[in-house]
Amino acid sequence: LSDFYLALVHWPVYNKNRQVIASALTTVDLHDLSRLAATYELAGLYVVTPLEDQVAVAEMMIEHWCRGWGARYIPTRAEALSLVRLVDSLNDARADVARNQGLPPLLVGTSAVGAPDRVAFSEMGAYERSDRPVMIVLGTAWGLADEVFEQCDLTLEPIRGPGNYNHLSVRTAAGIILDRLLGPRQI
Ligand code: SAM
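What comes next concerns the included structure. (Residues numbered from 1 in each chain as written. Predicted model: local features only at pLDDT ≥ 70, side-chain atom pairs only at ≥ 80, totals over all residues. Heavy atoms only, no water.)

In this model, the largest pocket occupies a volume close to 720 Å³. Lining the largest pocket are 28 residues, with Ser111, Ala112, Trp142, Gly143 and Leu168 positioned closest to its centre. Broken down by secondary-structure element, the contributors of at least two residues to the lining of the largest pocket are α7 (146-151) and α8 (170-182). Top element by residues in the lining of the largest pocket is α8. It accounts for 3 residues. When grouped by side-chain class, the residues that make up the lining of the largest pocket number 16 nonpolar, 8 polar and 4 charged. (1 Å grid on protein atoms, 1.4 Å probe; cavity = no way out; pocket = protein on both sides within 12 Å on 5 of 7 lines; lining within 4 Å. Points joined across faces, edges and corners; volume = space filled by probe spheres on them. Helix = DSSP H or I, 4+ residues; strand = E, 2+ residues; numbered from the N terminus. Nonpolar A, V, L, I, M, F, W, Y, C, P; charged D, E, K, R; others polar.)

Laid out in structure tokens, this is it:
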């Protein structure tokens, strides 16, 4: 079975006006996604940002919860946050996995917007059973910039409910995606 990773991308992403920006980290993203990663026994959560001050925020938070007062207050949080790896770019995340695993990960883009080339969840089984690591690439702000999708090997179909609304938070989307790919088969 493949090792799975999450990548939370803060650059390049779009803002409201579809300009490429580097979004700020949201600490709740790091808490929620690292707990999700620990729950599904992922091999790591890569947090992608080129902004030095944002890296400092994340490092201070991780220090607090992994080695500081927080680690004593909620020990289980340290276990989750120890999965976080801070990198400058998606390329750095990809190279880090290739170094650790001997194989570069399959990069799987995600988006609320559908397109003809999207891969259905039901088609992902073959990738799960391969020996190649899989990295689910998540966006922030108003979504991943086009150049990120060009870097990905495939893009998953959007999560949809019965209605037309499907603008989920990255935390909710990641939870649904992981459970669909790695959770117990419901049907
Ligand atoms: N500030 C927002 C928040 O609260 O998270 C950021 C939204 S961010 C654009 C949403 C990200 O979550 C997308 O880049 C994508 O990775 C994922 N996402 C959101 N809705 C989705 C959907 N319906 N299907 C698949 N992925 C989705």
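Of note, Tyr14 is situated in strand β2 (residues 13-14). Sequence separation of Tyr14 and Leu144 is 130 residues, and the distance between their C-alpha atoms is 6.4 Å. Apart from the residues lying within four places of it in its own chain, the contact partners of Tyr14 are Gln19, Val20, Ile21, Ala141, Trp142, Gly143, Leu144, Ala145 and Asp146. (Contact = heavy atoms within 4.5 Å.)

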